[in-house]
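# Architecture at a glance
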Amino acid sequence: MTQRWQDGSAGDIDYAAAGQRYAEFRQEEPFIAEQIRKALGDAKSVINIGAGAGSYEPTDIDVTAIEPSATMRAQRPAHRVAAIDAIAENLPFADDSFDAAMATFTVHQWHDLAKGIAEMKRVTRGSIVIMASDPAHLHDFWITEYLPEALDREMSRFPAIDLLLDLLGPSARVETLLVPLLCKDGFTTAYYGRPEMFLNPAVTGAMSSWTLLDEEIRERGRQKLARDLADGTWDARYGHLRSQPFYDGSMRLIVRP
Ligand SMILES: C[S@@+](CC[C@H](N)C(=O)[O-])C[C@H]1O[C@@H](n2cnc3c(N)ncnc32)[C@H](O)[C@@H]1O
């Protein structure tokens, strides 16, 4: 049976402790939302699993949202549907209940990935869209020079893309997700051109891999980055990113049409 934290959180993060300000820093990024919407095709209904505060839920389709953490459910804005308290591994719906299913930034937290994906497939007639990081590309990002531990942590959590493809079946494909310079959704690479953001503990507090590290390790990374920003080392190497419109990193959509 999936173990749940006191507020109902069902993955490896206790959102009562680490997610109080999630919606403040993790807003929907419109450029990414457009790609997700396109991948959902002509569905008239969609189930959003691990729905959190509702980012990326289409506004022109009937949405059912599933979210186990009360802390996250409480951060859903008024224009989103209320989320149902349930977990990916045991969806309280009959077979083929929805045209489509989506899961954004969540599969790496599930206790039983295979069961969660099997449940997604069971309740869905058509498209399934998963947004996740490709663990093989996490260390391509410059933050690895400052806090490799955060990316190591991510690598041990994110499933290999091939595994997701296998679980979704032979028609599944991978799409690269480009990240825009002023990305509104504060995941790690969202700040590729705004390095100062990593110096704000509230910003990194909304990135689950950072919250899983000891404060001493986080502080060491922040201090090294602060030094490199102050003496120009960071800008000499990466300053071009400050005006680069998009970043091609580890973000992927895995889509079963
Ligand atoms: C990083 S948040 C992403 C929220 C939202 N999908 C988004 O894109 O902003 C991960 C979410 O997955 C949820 N989650 C973790 N384990 C889960 C599980 N086993 N079943 C369903 N949701 C789960 C968490 O409670 C959390 O709200």
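Overview of the structure. (Residues numbered from 1 in each chain as written. Predicted model: local features only at pLDDT ≥ 70, side-chain atom pairs only at ≥ 80, totals over all residues.)

### Topic: the overall build of the protein
Scanning the protein for helices and strands turns up 11 helices and eight strands. The C-alpha radius of gyration of the protein comes to 18 Å, within 12% of the 18 Å expected for a compact globule of 257 residues. In terms of overall dimensions, the protein has a C-alpha envelope of 60 × 35 × 35 Å along the principal axes. In the protein, which comprises 257 residues, the proportion classed as buried is 42%. Long-range contacts, defined here as pairs at least 24 residues apart, represent 69% of the contacts in the protein between residues at least 6 apart. (Helix = DSSP H or I, 4+ residues; strand = E, 2+ residues; numbered from the N terminus. Rg over C-alpha atoms; globule rule 2.2 N^0.38 Å. Buried ≥ 20, exposed ≤ 12 C-beta atoms within 10 Å, placed from the backbone. Contact = placed C-beta atoms within 7 Å.)

### Side note on the nonpolar core
Counting 65 residues, the largest nonpolar core has Ile36, Ala101, Met102, Val129 and Ile130 as the members making the most contacts within it. Ranked by residues supplied to this core, first place goes to strand β4 (residues 128-133) with five residues. Ignoring sequence-local partners within four residues, the contact set of isoleucine 130 consists of Ala103, Val107, Leu164 and Ile254. (Core = buried A, V, L, I, M, F, W, Y, C linked by C-beta atoms within 7 Å.)

### Notes on the environment of proline 68
Within the secondary structure layout, proline 68 lies in the loop between β2 (62-66) and α4 (70-73). Sequence separation between proline 68 and aspartate 112 is 44 residues, and the spatial gap between their C-alpha atoms is 15 Å. The contacts of proline 68, once residues within four sequence positions are left out, are Arg4, Gly8, Ser9, Ala10, Asp85, Ala86 and Ile87.

### Some details on the sheet that holds strand β8 (residues 251-256)
Reading across the sheet, the six strands line up as β2-β1-β3-β4-β8-β5 and stay open at both edges, with mixed pairing between neighbours. The strands lining the two open edges of the sheet, one partner per strand, are β2 and β5 (173-176). Going from strand to strand, the sheet's axes swing by 20° on average, the running direction of each strand aside. The sheet contact formed by β5 and β8 spans four bridges and is antiparallel. By the bridge assignment, arginine 173 is partnered in β8 with valine 255. (Pairing = 2+ DSSP bridges. Axes fitted to C-alpha atoms, helices over the stretch in contact; angles between N-to-C directions.)

### Considerations on the environment of aspartate 42
With respect to the secondary-structure elements, aspartate 42 resides in the loop between α3 (30-40) and β1 (45-49). Placed 13 residues apart in sequence, aspartate 42 and serine 55 show a C-alpha to C-alpha distance of 19 Å.

### Describing the pairing of β8
Burial within β8 is extensive, with five of its six residues counted as buried. Here six bridges tie β4 to β8, and the two strands are oriented antiparallel to one another. Pairing of isoleucine 130 across the sheet is with isoleucine 254, part of β8.

### Regarding the site of the ligand
Neighbouring residues of the ligand: 26 residues in total, closest Gly11, Gly50, Gly52, Ala88 and Thr106. Split into classes, the residues belonging to the shell around the ligand amount to 12 nonpolar, 11 polar and three charged. (Near = placed C-beta within 6 Å. Nonpolar A, V, L, I, M, F, W, Y, C, P; charged D, E, K, R; others polar.)

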